[in-house]
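An overview of the molecular structure
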Amino acid sequence: MSIPTILDRFPTPPCARLLELDILEAKPDEGLVKIAFTARPEFCNAAGNVQGGFLTAMLDDCMGPAILIASDAQVFPSTIDLNVQFLAPAKPGMLIGAGRVVQLGRTIGFVEAELVDAAGTTVARARASVRLTALSRAVA
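Residues numbered from 1 in each chain as written. Predicted model: local features only at pLDDT ≥ 70, side-chain atom pairs only at ≥ 80, totals over all residues. Heavy atoms only, no water.

1. Considerations on the nonpolar core
- Formed by 34 residues in total, the largest nonpolar core has its most connected members in F37, L55, M58, I67, L95, V111 and L115.
- Among the elements of the structure, β2 (32–39), α2 (52–70), β4 (93–104), β5 (108–116) and β6 (122–134) are those that each provide at least two residues to this core.
- Looking at this core, the element that brings in the most residues is α2, giving nine residues.
- With sequence-adjacent residues up to four places away left out, L95 is seen in contact with I35, A36, F37, A39, L55, M58, A90, L115, V116 and D117. (Core = buried A, V, L, I, M, F, W, Y, C linked by side-chain atoms within 4.5 Å. Buried < 20%, exposed > 50% of the residue type's maximum accessible area, 1.4 Å probe, protein only. Helix = DSSP H or I, 4+ residues; strand = E, 2+ residues; numbered from the N terminus. Contact = heavy atoms within 4.5 Å.)

Here it is as structure tokens:
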């Protein structure tokens, strides 16, 4: 049930399909995107919680689309620095991510994201620095 965005012009990456990425809201002028993900039981560690690497991938898949949508797909972000904070255990099921562009320069951008569970509890958040490359050069 994704809403239409500039990203519809491109194939969905396999990693985003694995996470069942579904864009719920996009505000290009504000650099904001809201995305639903499905955390599968196969994503869980021995304690029954979603493993941190999957949560990190979800956060990353909020920040990248936020930049693509805000830039009208003119630039492609490559993560150069990523800091993640895990705040609460995440159980399998739907997780909602929000990505926000903090600042875009000519070659570097700053973004942040947050993931919440069905109860509205923040389970993880991230901040990243990204290198910005013209999309025409980044995607062959």
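Structure shown, so let's carry the discussion forward.
2. Comments concerning the layout of surface pockets
- Roughly 660 Å³ of internal volume is contained in the largest pocket.
- Within the residue set of the lining of the largest pocket, elements represented by two or more residues are α1 (14–18), α2, β3 (75–86) and β6.
- For the lining of the largest pocket, the element with the most residues is α2, which contributes seven residues.
- A breakdown of the residues in the lining of the largest pocket according to their chemical character gives 20 nonpolar, five polar and three charged.
- Computed from the structure, the second largest pocket encloses a volume of approximately 190 Å³.
- Lining the second largest pocket are N83, Q85, A98, R100, E112, A113, E114, R125, A126 and R127.
- Those elements giving two or more residues to the lining of the second largest pocket turn out to be β3, β4, β5 and β6.
- Tallied by class, residues from the lining of the second largest pocket come to three nonpolar, two polar and five charged. (1 Å grid on protein atoms, 1.4 Å probe; cavity = no way out; pocket = protein on both sides within 12 Å on 5 of 7 lines; lining within 4 Å. Points joined across faces, edges and corners; volume = space filled by probe spheres on them. Nonpolar A, V, L, I, M, F, W, Y, C, P; charged D, E, K, R; others polar.)

3. Considerations on the pattern of salt bridges
- Tallied over the full model, the rule gives four salt bridges.
- With a shortest N-O distance of 3.3 Å, K27 and E25 are connected by a salt bridge.
- By relative accessible area, K27 is classed as partly exposed at 34%.
- The salt bridge involving E112 is made with R100; its shortest N-O contact spans 2.7 Å. (Salt bridge = Lys/Arg side-chain N within 4 Å of Asp/Glu carboxyl O.)

4. A look at the pairing of β6
- Where β3 lies against β6, eleven bridges are found, and the strand directions are antiparallel. Bridge pairing in β6 places D81 opposite S129.
- In the sheet, β5 pairs with β6 via nine bridges, with the strands oriented antiparallel. Following the sheet pairing, G109 is matched in β6 by V130.
- Two successive antiparallel strands, β5 and β6, enclose a turn made up of five residues, where G120 displays a positive phi of approximately 90 degrees. (Pairing = 2+ DSSP bridges.)

5. Some points on the sheet that holds β6
- Here we have six strands laid out as an open sheet, ordered β1-β2-β4-β5-β6-β3, and antiparallel in their pairing. The outermost strands of the open sheet, each flanked by one partner alone, are β1 (22–27) and β3. For this sheet the average axis-to-axis angle between neighbouring strands, irrespective of direction, equals 20 degrees.
- Lying on the sheet, α2 is in contact with β1, β2, β3, β4, β5 and β6; it crosses β3 at an angle near 140 degrees. (Axes fitted to C-alpha atoms, helices over the stretch in contact; angles between N-to-C directions.)

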